[in-house]
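Summary of structural features
Now for the letters of each chain:
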Amino acid sequence: MTPDERRAGMSLAAIFALRMLGLFLILPVFAVHAKGIPGGDDLTLVGLAIGAYGLTQAFLQIAYGAASDRFGRKPVIVFGLLLFLVGSVVAALADGIYMIIVGRVLQGAGAISAAVTALAADLTRDQHRTKVMAMIGSSIGLVFALSMVAAPLLYQAVGMDGIFWLTAALALGAIGVILWAVPAAPPVPRANAGSFLGVLRDGQLMRLNFGVFALHLIQTTMWVMVPAALVAGGGLALADHWKVYLPAVLVSFVVMVPAVIIAERHDRLKQVFNAAVLLLAVVQFGLYLVGDALIPLALLLTLFFVAFNILEATQPSWISRIAPPASKGTALGVYNTLQSVGLFLGGVVGGWLGQQYGAGAVSLACGVLALLWLALAATMNPPPLRAAPAATRG
């Protein structure tokens, strides 16, 4: 990788990390905090406050991606971060659940993931793109683990309003990074009116879109059930769950790095990708079989993070390689929209299945979904790293 490619990878990963840390910090503490504010005794409103971000983001990812194709990546990213900052301030000043929901909606309106990923693709060559995507995916995993540890301590020290103010400060820091640390972006070819329909007609792009939907639906669904399993099976208090999450995430990075190197250096993207999807299915069926036994559960969570981090690194790289240059932002916008829909539906579907049929049914359904994804992935073929894109794809 060139110095500019390394700089692009680290700075864009920092933007994702600063933004996602602010979002993740509320997850372990908000439901408890909400009980003490007006309207917070309604679990439906509490769930809406948590999920509103993902729902709003799902509606706007395509628009931001297409706008970045037309107006450039950096201006769109800065605009989205400013909206995210405003939403954080609204939530920090809120005196009840309804204003917090408004703040979360505004946070979600800063849907910059597609534009940031497209910029990463613009600034890197094909043979190094997966490394940059791995930096971004790893940053998300690391801040998730950090948030699990830090959130209870921060809440005790500064309260929920302080966490939202910290989120606003992190957004301001991300704006500084995009303006002064990220290398200058190359010119983006002007998108044409048919680019959106072209993305929807592309068979490989839509298979990848299904994949990211399935991955994040499974991720969110798991976290509806896993905390209760850790309490029931391991006797772990909620404040001690980081003792399982943090080692699992760190071990997964050790496995992910050589997997990404093999995918790139030896042009084995499809093999590595399919192996990760298969591992995801194995984890779900393993959860169905072992229930809440602590040691097997900790091992399966580690394997889940291995699969998740590999797929988080390789999917955006694959989609950026096959998307037409003038529609890259649009393609990644569709991709990130399906990701957000998966996050939103994962909580809803996982909660309903668990309530009606128990945790085993949740794991079994996720395992079947992963096998369906594997069947679709087996029909895909990424272009060679140094080859020109094919004129048509199935």
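In this numbering scheme, every chain counts its residues from 1 along its sequence in written order. A pLDDT threshold of at least 70 governs which residues receive local features in this predicted model, and a stricter bar of 80 or more applies before side-chain atom pairs are shown or counted, although totals over entire chains, interfaces and linings include all residues. Where side-chain values are given, they derive from all heavy atoms of the structure, hydrogens and water being excluded.

1. Here we look at the overall build of the chain
Which entries qualify depends on this criterion: Each helix is a run of H or I in the DSSP string that is no shorter than four residues. Each strand is a run of E no shorter than two, and both are numbered from the N terminus. With the radius of gyration taken over C-alpha atoms, the globule rule is written as 2.2 Å times the number of residues to the power 0.38. Throughout this description, buried means an accessible area under 20% of the type-specific maximum (1.4 Å probe, protein chains only), exposed means over 50%, and partly exposed covers the range between. We call two residues in contact when some of their heavy atoms are within 4.5 Å. In short, Shrake-Rupley with a 1.4 Å probe defines the accessible areas, and a residue's cover is counted only from the protein chains shown.
Looking only at helices and strands, the chain features 14 helices and 0 strands. When the helices and strands of the chain are read in sequence order from the N terminus, they spell out α-α-α-α-α-α-α-α-α-α-α-α-α-α. Relative to a compact globule of 394 residues, whose C-alpha radius of gyration would be 21 Å, the chain shows 20 Å and is just as compact. Across its three principal axes, the chain shows a C-alpha extent of roughly 55 × 45 × 35 Å. Residues classed as buried in the chain amount to 54% of the 394 residues present. For the chain, contacts bridging at least 24 residues in sequence account for 86% of all contacts bridging at least 6. When the accessible surface of the chain is split by element, carbon and sulfur atoms take 71% of a total near 15800 Å².

2. Focus on the layout of surface pockets
Stated precisely, the cut-off is as follows: Lining residues are those with an atom within 4 Å of a point, where the points come from a 1 Å grid over the protein atoms alone and group into cavities, where a 1.4 Å probe fits but cannot get out, or pockets, open sets with protein on both sides within 12 Å along at least five of seven lines. Grid points are joined across faces, edges and corners, and a volume is the space filled by probe spheres set on the points. Residue type decides the class: Asp, Glu, Lys and Arg count as charged, Ala, Val, Leu, Ile, Met, Phe, Trp, Tyr, Cys and Pro as nonpolar, and the leftover types, Gly among them, as polar.
There is about 210 Å³ of room inside the second largest pocket. For the second largest pocket, the lining is made up of 15 residues, of which Met-225, Ala-229, Gly-291, Ala-359 and Ser-363 are closest to its centre. Those elements giving two or more residues to the lining of the second largest pocket turn out to be α9 (203–234), α11 (269–290) and α14 (359–377). Broken down by element, the lining of the second largest pocket gets its largest block of residues, 5 residues, from α9. Residue composition of the lining of the second largest pocket, grouped by class: 10 nonpolar, 4 polar and 1 charged.

3. Section: the packing of helix α1 (residues 3–24) against helix α6 (residues 113–122)
For clarity, the cut-off: Here an angle of 0 to 180 degrees is reported between the N-to-C directions of two axes, which are lines fitted to C-alpha atoms, with helices fitted over the stretch in contact. Put simply, angles under 35 degrees are roughly parallel, angles over 145 are roughly antiparallel, angles from 65 to 115 are roughly perpendicular, and the rest are oblique. By definition, any crossing whose near helix is turned counterclockwise from its far helix by less than a right angle is left-handed, and any crossing with a clockwise turn is right-handed.
Viewed as axis vectors pointing N to C, α1 and α6 meet at an angle of 165°, and their least axial separation amounts to 10 Å. By the angle class used here, α1 and α6 are roughly antiparallel. By crossing handedness, the relation of α1 to α6 is classed as left-handed. From α1, Leu-12, Ile-15, Phe-16 and Arg-19 reach across to α6, where they touch Ser-113, Val-116, Thr-117, Leu-119 and Ala-120. Split by residue class, the contact of α1 with α6 holds 6 nonpolar, 2 polar and 1 charged.

4. Describing the pattern of salt bridges
For clarity, the cut-off: The rule for a salt bridge is simple: a side-chain nitrogen of Lys or Arg has to be within 4 Å of a carboxyl oxygen of Asp or Glu.
The final tally for this structure, using the stated rule, is 2 salt bridges. Salt-bridge contacts for Asp-69 lead to Arg-73; the nearest nitrogen and oxygen are separated by 2.8 Å. For Asp-69, a relative accessible area of 1% gives the class buried. Arg-73 gets classed as buried once you look at its relative accessible area, which sits at 2%. Here Asp-122 ties to Arg-73 by a salt bridge, and the two come within 2.7 Å at their closest N and O atoms. One end of the pair, Asp-122, is in helix α6; the other, Arg-73, is in helix α4 (residues 73–93), with 49 residues separating them in the sequence. Look at the salt bridges and you will find they share partners, linking Asp-69, Arg-73 and Asp-122 into a network.

5. Focus on helix α5 (residues 97–109)
This is how it is decided: Take the number of residues in a helix, subtract one, and multiply by 1.5 Å to get its expected span.
Taking 1.5 Å of rise per residue, the 13 residues of α5 would be expected to cover 18 Å, and the 18 Å separating its terminal C-alpha atoms lies within 8% of that figure. Within α5, the full set of buried residues consists of Ile-97, Ile-100, Ile-101, Gly-103, Arg-104, Gln-107, Gly-108 and Ala-109.

6. Quick look at the packing of aromatic side chains
Applicable threshold: Pairing of aromatic rings covers Phe, Tyr and Trp, the last through its six-membered ring, and needs centres within 6.5 Å; plane angles under 30 degrees mean stacked, over 60 mean edge-to-face, and all others mean tilted.
In this structure the tally under the stated criterion is 6 aromatic pairs. When the centroid spacing of 5.0 Å and the interplanar angle of 75° are considered together, the rings of Phe-273 and Trp-318 count as edge-to-face. Of the two residues, Phe-273 sits in helix α11 while Trp-318 sits in helix α12 (residues 294–322), which places them 45 residues apart along the sequence. Overall, Phe-273 belongs to the buried group, its relative accessible area being 1%. Through pairs of rings, three or more aromatic residues link up here, namely Phe-273, Trp-318 and Trp-373.

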